[in-house]
Amino acid sequence: MQEKHSNHNPSQNVTVTSTTGHSHSLAAKAQSSGASSSSCCSVHHNVSPNEPVLDTKTGSLPTSRSFATEKTNSQILDICSGHKHFREVQFPLQEKKYSDLVKNGQKPKALFISCSDSRIIPDDLLNVGPGDLFITRNIGAFVPPYNLLLDGFHSVGAVIEFAVNFLKVTDVIVCGHSDCGACAALFSPEFDKPREEVDEVEWRNTTHLRNWLKLGAETKEIVKQHNIENPKERQELTARVSVVMQISNLLTYPYIKEKIDNNELAIHGWFYDIQKGVVEYYDPEKKRYYDSLDLEKRGVPRSSDIDTENPLKM
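Residues numbered from 1 in each chain as written. Predicted model: local features only at pLDDT ≥ 70, side-chain atom pairs only at ≥ 80, totals over all residues. Heavy atoms only, no water.

Draft legend 1. View of helix H4 (residues 155–166). Between the first and last C-alpha of H4 there are 16 Å, a value that for twelve residues agrees with the 16 Å anticipated at 1.5 Å per step. Restricting attention to buried positions, one finds in H4 the residues Val 156, Gly 157, Val 159, Ile 160, Ala 163 and Val 164. Viewed end-on, H4 has its buried residues packed into an arc of 160 degrees, placing them on one side of the element. In H4, the exposed positions angled more than 90 degrees off the buried face are occupied by Ser 155 and Phe 166. Lys 168 occupies a position one or two residues after H4 and carries a positive phi of about 60 degrees. (Helix = DSSP H or I, 4+ residues; strand = E, 2+ residues; numbered from the N terminus. Expected span 1.5 Å × (residues − 1). Buried < 20%, exposed > 50% of the residue type's maximum accessible area, 1.4 Å probe, protein only. Arc of directions from axis to C-beta.)

Draft legend 2. Main features of the packing of H4 against helix H9 (residues 254–261). Contact pair H4 / H9: the axes reach a minimum separation of 10 Å and the direction vectors enclose 35 degrees. The chirality of how H4 crosses H9 is left-handed. Residue-level inspection shows Gly 157, Ile 160, Glu 161, Val 164 and Asn 165 of H4 in contact with H9, the latter providing Tyr 255, Ile 256 and Lys 259. Split into classes, the residues belonging to the contact of H4 with H9 amount to four nonpolar, two polar and two charged. (Axes fitted to C-alpha atoms, helices over the stretch in contact; angles between N-to-C directions. Left-handed = near helix turned anticlockwise from the far one by under 90°. Contact = heavy atoms within 4.5 Å. Nonpolar A, V, L, I, M, F, W, Y, C, P; charged D, E, K, R; others polar.)

Draft legend 3. Just the packing of aromatic side chains, in detail. Within this structure, the stated rule accounts for twelve aromatic pairs. Taking the centre distance of 5.4 Å and the plane angle of 55 degrees together, the rings of Tyr 282 and Tyr 289 count as tilted. Assessed through its relative accessible area of 4%, Tyr 282 is described here as buried. Clustering of aromatic rings is evident, with ring pairs tying together Phe 86, Phe 91 and Tyr 98. Of note, Lys 220 hangs over the ring of Phe 187, and the distance from its end group to the ring centre comes to 5.8 Å. Above the face of the Phe 271 ring, Arg 240 is positioned so that its terminal group lies 4.0 Å from the ring centre. (Phe/Tyr/Trp six-rings, centres within 6.5 Å; stacked < 30°, edge-to-face > 60°. Lys NZ or Arg CZ within 6 Å of the ring centre and 35° of its normal.)

Draft legend 4. A look at the pattern of salt bridges. Taken as a whole and assessed by the stated rule, the structure comprises 14 salt bridges. Note that Lys 96 is salt-bridged to Asp 100, the shortest N-O span being 2.9 Å. Of the two residues, Lys 96 and Asp 100 both sit in helix H1 (residues 70–104), four residues apart, roughly one turn of that helix. Arg 119 is paired through a salt bridge with Asp 179; the nearest N and O atoms lie 2.7 Å apart. Residue Arg 119 is located in the loop between strand S5 (110–115) and helix H2 (122–126), and its partner Asp 179 is located in the loop between strand S7 (171–177) and helix H5 (181–185); the two are separated by 60 residues in the primary sequence. The exposure class of Asp 179 is partly exposed, given its relative accessible area of 33%. Among the charged side chains, a salt-bridge network with shared partners connects Asp 117, Arg 119, Asp 179 and Lys 232. (Salt bridge = Lys/Arg side-chain N within 4 Å of Asp/Glu carboxyl O.)

Here it is in structure tokens:
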């Protein structure tokens, strides 16, 4: 959605331009500035910066506004062009599958927990299609321990509950990756600063990120024991150890432990090397990662015993 802002006195129009190009004026109290656009779904707020803007769908006042620039307009149009390709090329090829998924509901094979990193594309990585995976992504592919879910709203916990208890997935995959920014940030002096050393603006802009990265504290302590000075080597080890720690956190969920004990569920730890395009899987008994293409030959590890003190053989 693109929004424009022009400096006018209070009581200006809010104009919605539809895909057909027709404009609809809301709460007209003064003469419109005449702003218009031919782009799809564009909304123009011709108001002063301090004037509340009416939400055109709900009739209520939004809590915040943002205004598009020429750069953001160009970027969103570029992204939208990808949807055009989907509608004209990809969707027709899978229209029946989408229709079946709506009619019969989704039955994904696995829950896939990965990082939000833009370089991780599960569909490409695993050659999967609609309905194959139930996916949740976050900074670092972290899984909060079960006891922390009781302190507030946690989307990761809700996704896990829905996937395991309602969709009845039989596999949960935690996938870390190389060059992980979250794993690097765990060792950044910037994120180690106490509250009193961080100015108000920086704290406001990083509060949730700082709090989220606390989930990597245990992983950080394990990696520190290896005294790795090279930042890149330390970053990769951190990402690999982190995957194991997330598996350990998953085992704190009572229903997950119960399903594993009943052979109804398996948890898998994966590591994706972005530059090589290779996925490796974690073997908790050997405490090592192996190429996923050898999985059939070696056998799928199903052990629920995780050594969190020494998760990897160096």
